[in-house]
Amino acid sequence: MDLEKKSISVYETKEEINGNDNVSSSSPSLEKAIIHEIDPLEDSPIEDVRASISPTDDPTLPTATFRAWFWGIVFSAAISFSNQFFWFRANPLTIKVIVVQLLAFPAGRLFARFLPNHEFRLGRFLSFNLNPGPFNVKEHVLITVMANAAATSFDAIDIIVVQKLYYNQDWGFGGGILLVLTTSLLGFGFAGILRRFLVRPAAMVWPINLVNATLFHTLHREVPKEVKDAEATTPGLRMSRNKFFVIAFIGSFCWYFFPGYIIPILTSISWICWIKPDSVLVSQIGSGINGLGIGSFTLDWSQLTAWYASPLAIPWAVQANMFAGFVFFIWILIPIIYYTNTWESKKFPLYNTHQYDIWGNPFNRTRVITPDNYLDDQAYADYSPVRITGFFAVCYGQGLAALGAMITHTILYNGKDIWNRLKSARQDDDDIHAKLMDRYKEVPNFWYLILFICSLGASFATIAVWPSDMPWWALIIAIALAFAWLLPLGIITAITSQSPTISMITEWVYGALRPGHPIGNMIFKTYGYITVRQALLFAQDLKLGHYMKIPPRKMFIFQIVGTIIASFISLGTTNYLLNSIPDICTKAAYPWTCPNASLFGASSVIWGLIGPGKFFAPGSLYAGIPYFLLGGFLLPIPFYLLAKKFPKTWLANVNIPAFMLGPTPYPPAPTNVAPCWIFIGFIFNYVVKRRANAWWKKYNYVLSAALDSGVAICAIILFFAFQNSEIKFPKWWGNNSGSVDQCPMANANWAGVDVYA
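Every residue gets a number counted from 1 within its own chain, in the order that chain's sequence is written. The predicted nature of this model means local features are confined to residues of pLDDT at least 70 and side-chain atom pairs, given and counted, to a pLDDT of 80 or more, with totals for whole chains, interfaces and linings taken over all residues. The side-chain values count all of the structure's non-hydrogen atoms but skip hydrogen atoms and water molecules.

This part takes up the overall build of the protein. The numbering of helices and of strands both runs from the N terminus, where a helix is a DSSP run of H or I of at least 4 residues and a strand a run of E of at least 2. Across its full length, the protein carries 31 helices and 4 strands. Contacts were defined at the residue level, with two residues in contact if any of their heavy atoms lie within 4.5 Å. When contacts within the protein are restricted to residue pairs at least 6 apart in sequence, those whose partners lie at least 24 apart make up 80%. The Shrake-Rupley method, run with a 1.4 Å probe sphere, supplies the accessible areas, and residue values consider only the shown protein chains as cover. Summed over all atoms, the accessible surface of the protein reaches about 30,800 Å², with 64% contributed by carbon and sulfur.

Dropping the structure here:
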C-alpha cells in the first residue's frame with residue numbers, strides 16, 4: 001500500500017499490521033485506526049507545523065539500516081571531537097547538527113549507489129542488508145538524531161575542567177566518564193517518562209525542529225505534479241524549494257567570508273561609538289559586545305543563531321514577548337542600576353561576569369580558600385566580600401524571576417492539560433502526527449525506568465567513590481529538583497525553543513545546605529541543572545522523530561548510542577587538550593582561554609565557595625535579589641486574568657515566561673543580537689507571513705536552513721584553511737580597529753579605569 005499517495009494513515013488488514021516489525025498490534029489506539037480512516041485532508045492545527053511537516057507517512061521505509069548505523073557513528077564521533085576541540089577557544093566554533101544533516105545526504109546516497117544488495121546473517125535471529133534500496137528520509141533522520149545527541153555534552157565537561165584548573169582536583173578518566181554519562185542518561189530517562197506531556201501534544205511545537213524537518217523534506221520529498229503545476233502559475237512561487245535552498249545556501253556561504261574573515265567589524269557595527277570613541281559613557285551605551293548595544297547591529301547570521309534559535313523559526317508572538325523582556329531588563333533596568341551607582345556598580349565595567357573586591361580589583365580567590373578547597377571564613381572576613389557587575393546582578397535576578405514565572409504560568413495555562421494527560425496517554429485532540437505515530441511500537445515506560453534506575457545507581461557510585469564533596473542525600477535532592485522543574489521548563493522550551501535554566505537554583509540550594517564547598521556545589525549542579533538540560537535536548541529530538549514518523553524504539557537506541565559515543569570522545573579530547581596545551585584556560589594560552597569554563601568557575605566561587613548565605617545576607621549589597629523570584633511568581637496572575645476578560649486583545653498574547661527569557665543569553669551574549677533578531681522575525685514571521693502567506697509557507701523554513709548551513713560550512717572552511725593556519729587577512733580599516741565594535745572604553749569602569757580581568 002502506498003500511503004504517501006493515498007494519504008491514509010491506516011492499514012487495511014490485521015495481517016498487514018502483524019507483518020510489519022515497526023507496527024504495534026497492541027497499541028490502545030490501533031483498533032480505532034483500523035476501523036476509521038483518517039481524513040486525507042487532515043493536518044496539524046498549528047500553521048507553522050502545517051508549513052513544514054508532511055501529514056503523511058510511509059511505514060514500509062527501512063530505518064535502522066547498516067547505512068544509518070555506519071554514518072551515524074562516523075558523524076557522531078566527528079562532531080563530538082570537533083565541537084569539544086574548539087569549545088575551549090576564545091571564539092568557539094560549534095558545528096551545528098545541520099551540517100551533519102547536509103553531509104549525511106550525499107554520504108547515504110553514495111552507499112546506496114555502490115554497496116551490494118547483499119543479506120548478512122549474524123547467528124540465527126539477526127540479519128541485515130547492506131543496501132536495502134534507495135537512501136530514505138528515515139535513515140537520514142536517525143543519522144542526524146544520533147549526531148545531535150553526540151554534539152551536546154559540553155556542560156558536564158566544563159565542570160571537570162573547573163575542578164582541575166580552579167581546585168586542582170582530577171578524578172581521572174573513570175570518574176569523569178561516569179559523571180558525564182550518568183548526567184546524560186538520567187536526563188534521557190526523564191525525557192522518556194515525560195514524553196506524553198512534552199512530545200505528543202500538538203501544542204508542544206519545538207519550533208527549531210521545523211527548520212530541520214523542512215530541510216529533510218527539501219532533500220527527500222517529491223512534490224506532487226498537481227502542486228508543481230499550481231505553483232508554476234503563481235508569481236513568486238515558481239522556483240522549487242531545492243533550487244531556492246541552493247541559491248540561499250550559496251549566498252549565505254559567500255557572505256560569511258566578510259564578517260568571518262575579511263571585515264570582522266560587521267559582527268558588531270556600533271556606530272554610536274564613532275561619535276566619541278574616547279568616552280566611557282558613549283562606549284557603554286553603544287557597544288554591542290561589552291555595553292548596552294543601543295543602536296548597534298550585526299550583519300553576521302552566526303552571531304544571531306549562536307544565542308537564540310533562528311528568528312525565522314520562532315513564532316512572532318513569542319519573539320515580541322522576548323524582545324519586550326530584553327528592552328525592560330537590558331535597556332531600562334540595567335542603566336538605572338548602573339548610573340545610579342546601585343550595588344556600587346560604577347566601580348566596575350558595565351558588562352562582564354567577573355568577580356571583584358570592594359576596591360574594584362579582580363577578586364583573589366586564593367586568599368580565601370583552604371588547601372582542601374573550602375572557604376576560610378576568617379580570611380574572607382579579613383579580605384573583602386565578593387562583588388559583581390550590576391549587569392551580572394540584574395541577570396541573576398532576571399533568572400530567578402523567569403523561574404518563578406514559569407511555575408505560575410504552567411499552572412494557570414497548562415495545568416488542566418497536564419492533569420488530563422496524567423489520567424490518560426491519549427487525548428481526543430491528538431493531531432494527525434500523534435495518530436500516525438500510534439501505528440509504531442512505543443518504547444515501554446519500563447525501558448526508561450530501568451535506564452533511570454541504572455543511571456541513578458551509577459550516580460551514587462560516582463559521588464561515593466570519587467571525592468565529590470557531596471553526601472548521598474544531596475544527590476536525591478538534586479534529582480528531585482531536576483524532575484520537579486523539568487515539566488514547566490520543557491513546556492516553555494517547546495513553545496519558544498529558548499531553553500530556561502535552573503543552574504542558579506541548584507547552586508543556591510546546595511550553597512544554602514553546605515556553604516563553602518565549591519566542588520560539592522558543582523557536582524550538585526551537574527546532577528540538577530545539567531540533567532534537565534540533557535533531558536530537554538533529548539525531548540527535542542524525540543519531537544523531531546515524532547514529526548518524521550521514526551519508530552520510537554529505533555529512536556531510543558540511536559540516541560543512547562550517540563550519547564555514549566559523545567561522552568567518551570568529548571572527555572578524551574578534553575584530557576588531551578588539558579595535558580598538551582600549557583597554561584590552558586588563561587590569557588597566556590590565547591586562543592585557548594575556555595570562556596564557558598570560566599563562567600562556570602565564576603559561579604562556583606559565588607555560589608559554592610562564598611555561598612548564598614553570605615552573598616544574600618541581610619545588609620549585603622545583593623540582599624534584594626531573591627525578591628525577583630517572588631515578583632516573577634506573581635506577575636503572570638494579573639495578565640492571565642486580563643487575558644480571560646479581554647481574550648481578543650493583545651493581552652491574550654502576553655507570555656510572561658517568554659518575556660523573562662528575552663535577556664536569558666545575557667551575559668555572555670552580545671547585546672546587539674536581540675534587536676537584529678527581532679527585526680528579522682518581524683519581517684518574516686509577521687509582515688511576510690501575513691501579506692505573502694503562500695511564499696512564507698513554501699520558503700520560510702527553507703531559507704532558515706540554507707542560511708544556517710551556508711554559515712556553518714563556510715566557518716569550517718575558514719577555520720581549517722585560514723585561522724587554524726594563522727593565515728590572517730591583510731590589515732585594513734575593516735579589521736584593524738583595536739576593538740571589534742570600535743568601542744575601546746566599553747571595558748572600563750565609570751572612572752575610565754580598565755578593570756576587565
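Don't stop here, the text continues.
With that settled, the discussion passes to the packing of aromatic side chains. When we look at a pair of aromatic rings, we describe it by the centre distance and by the angle of the planes. Aromatic pairing here means that ring centres of Phe, Tyr or Trp (its six-membered ring) are within 6.5 Å. Orientation follows from the plane angle: under 30 degrees is stacked, over 60 is edge-to-face, and everything else is tilted. Using the criterion set out here, one finds 52 aromatic pairs in the structure. Seen from their ring centres, Phe323 and Phe326 are 5.9 Å apart, and the 15° between their planes marks the pair as stacked. With a gap of 3 residues between them, Phe323 and Phe326 both fall in helix α16 (residues 316–339), about one helical turn apart. Pairing Phe328 with Phe329 gives two aromatic rings, centres 5.1 Å apart and planes at 85°, and the pair type is edge-to-face.

Turning next to a nonpolar patch on the surface. On the surface, Trp255, Phe258, Trp271, Trp274, Ile275, Phe297, Leu299, Trp732 and Trp733 cluster together into a nonpolar patch covering about 950 Å² of accessible area. For Trp274, a relative accessible area of 45% gives the class partly exposed. A patch consists of residues whose relative accessible area exceeds 30% and which take part in no salt bridge; residues with like charges are grouped when within 9 Å of each other, and nonpolar side chains (Val, Leu, Ile, Met, Phe, Trp, Tyr) when within 5 Å. What makes a salt bridge here is a side-chain nitrogen of Lys or Arg within 4 Å of a carboxyl oxygen of Asp or Glu, nothing more. Residue exposure (1.4 Å probe, protein chains only): buried if accessible area is under 20% of the type maximum, exposed if over 50%, otherwise partly exposed.

Among the secondary structure elements, Ala458 is positioned in helix α20 (residues 445–465). In this structure, the C-alpha to C-alpha distance between Ala458 and Leu178, residues 280 residues apart in sequence, is 7.3 Å. If we ignore the near neighbours within four places in the chain, the residues touching Ala458 are Leu178 and Thr182.

Structurally, the position occupied by Asp431 is in the loop between α18 (390–423) and α19 (432–437). One buried charged residue, Asp431, remains without a salt bridge, the closest side chain of opposite sign being Lys543 at 5.7 Å. Throughout this description, a polar contact denotes any pair of N or O atoms lying within 3.5 Å of each other; where both atoms belong to protein, one of them has to be capable of donating a hydrogen while the other can accept it, and for residues adjacent in sequence the pair is counted only when both atoms sit in side chains. Within the structure, Asp431 has its side chain in polar contact with the backbone nitrogen of Ala434 (distance 3.0 Å). Every residue in contact with Asp431, bar those within four places of it in the chain, is listed here: Glu42, Ser44, Pro45 and Ala202. None of His or the chain ends enter the tally, which takes Lys and Arg as positive and Asp and Glu as negative.

This part covers the nonpolar core. Grouped together as the largest cluster of nonpolar side chains are 205 residues, with contacts concentrated most on Met470, Ile523, Tyr527 and Tyr666. With 16 residues, helix α23 (residues 518–548) is the largest single contributor of residues to this core. Setting aside residues up to four positions removed in sequence, Met470 forms contacts with Ile463, Leu475, Tyr510, Arg514, Gly520, Ile523, Phe524 and Tyr527. Residues belong to one nonpolar core when they are buried, are Ala, Val, Leu, Ile, Met, Phe, Trp, Tyr or Cys, and are joined through side-chain atoms within 4.5 Å.

This paragraph deals with helix α22 (residues 503–513). Among the 11 residues that make up α22, 8 are buried, leaving the element largely enclosed by the rest of the structure. Taken residue by residue, α22 has Ser503, Met504, Ile505, Thr506, Glu507, Trp508, Tyr510 and Gly511 as its buried positions.

Now for the packing of helix α6 (residues 97–114) against helix α11 (residues 208–220). Running from N to C, α6 and α11 cross one another at 15°; their axes reach a closest spacing of 11 Å. On the basis of the axis angle, α6 is roughly parallel to α11. Considering how the two elements wind past one another, α6 and α11 form a crossing that is right-handed. Facing α6, whose interface residues are Val97, Ile98, Gln101, Leu102 and Phe105, α11 presents Asn212, Leu215, Phe216, Leu219 and His220. In this description, a line fitted to the C-alpha atoms serves as the axis of each element, helices being fitted only across the stretch in contact, and the angle between N-to-C directions of two axes falls anywhere from 0 to 180 degrees. Every angle not falling under 35 degrees, over 145, or within 65 to 115 is termed oblique; those three ranges are roughly parallel, roughly antiparallel and roughly perpendicular. Note on convention: near helix rotated counterclockwise from far helix by under a right angle means a left-handed crossing. Clockwise means right-handed.

Turning to the environment of Val145, a few remarks are in order. Inspection of the secondary structure puts Val145 in helix α7 (residues 137–150). Residue classification places Val145 among the buried positions, given a relative accessible area of 1%. With sequence-adjacent residues up to four places away left out, Val145 is seen in contact with Asp541, Leu544, Met555 and Gln559.

In contact at an axis separation of 7 Å, α7 and helix α24 (residues 552–580) are set at 35° when each is read in the N-to-C sense. Crossing angle aside, the handedness with which α7 passes α24 is right-handed. From α7, Leu142, Val145, Met146, Ala149 and Ala150 reach across to α24, where they touch Lys554, Met555, Phe558, Gln559, Val561, Gly562, Thr563 and Ala566. Ten residues, namely Ala, Val, Leu, Ile, Met, Phe, Trp, Tyr, Cys and Pro, are considered nonpolar, four, namely Asp, Glu, Lys and Arg, are considered charged, and the remaining ones, Gly among them, are considered polar. Split into classes, the residues belonging to the contact of α7 with α24 amount to 9 nonpolar, 3 polar and 1 charged.

Turning our eyes to something else, we now look at the pattern of salt bridges. In this structure the tally under the stated criterion is 11 salt bridges. A salt bridge links Asp438 to Arg200, with the nearest nitrogen and oxygen atoms 3.1 Å apart. Placement of the pair is Asp438 in the loop between α19 and α20 and Arg200 in the loop between α10 (195–198) and α11, with a sequence separation of 238 residues. Each of Asp57, Lys138 and Arg439 takes part in a single network of salt bridges with overlapping partners.

Our focus in this paragraph is the state of the cysteines. Simply put, disulfide is the name for a covalent bond between the sulfur atoms of two cysteines. Criterion for a disulfide: a pair of cysteine sulfur atoms at a distance within 2.5 Å. Tallying each qualifying case throughout the model produces 1 disulfide. Between the sulfur atoms of Cys273 and its disulfide mate Cys743 the distance is 1.9 Å. The sign of the 100° torsion about the S-S bond sets the Cys273-Cys743 disulfide as right-handed. On the criterion of sequence distance, the pair formed by Cys273 in the loop between α13 (241–262) and α14 (280–286) and Cys743 in the segment after α31 (693–723) is long-range, its members being 470 residues apart. For the pair shown, Cys273 and Cys743 are each scored as buried.

A score between 0 and 100, pLDDT records how confident the predictor is in each residue. Confidence in the prediction of the protein, expressed as mean pLDDT, is 82, and 88% of residues score 70 or more. Counting contacts from residues 1–21, a segment whose pLDDT is below 50, to residues more than four positions away or on other chains yields 44 contacts. Contacts of residues 24–36 to residues separated by more than four positions or lying in other chains number 20 contacts, the stretch itself having pLDDT below 50.

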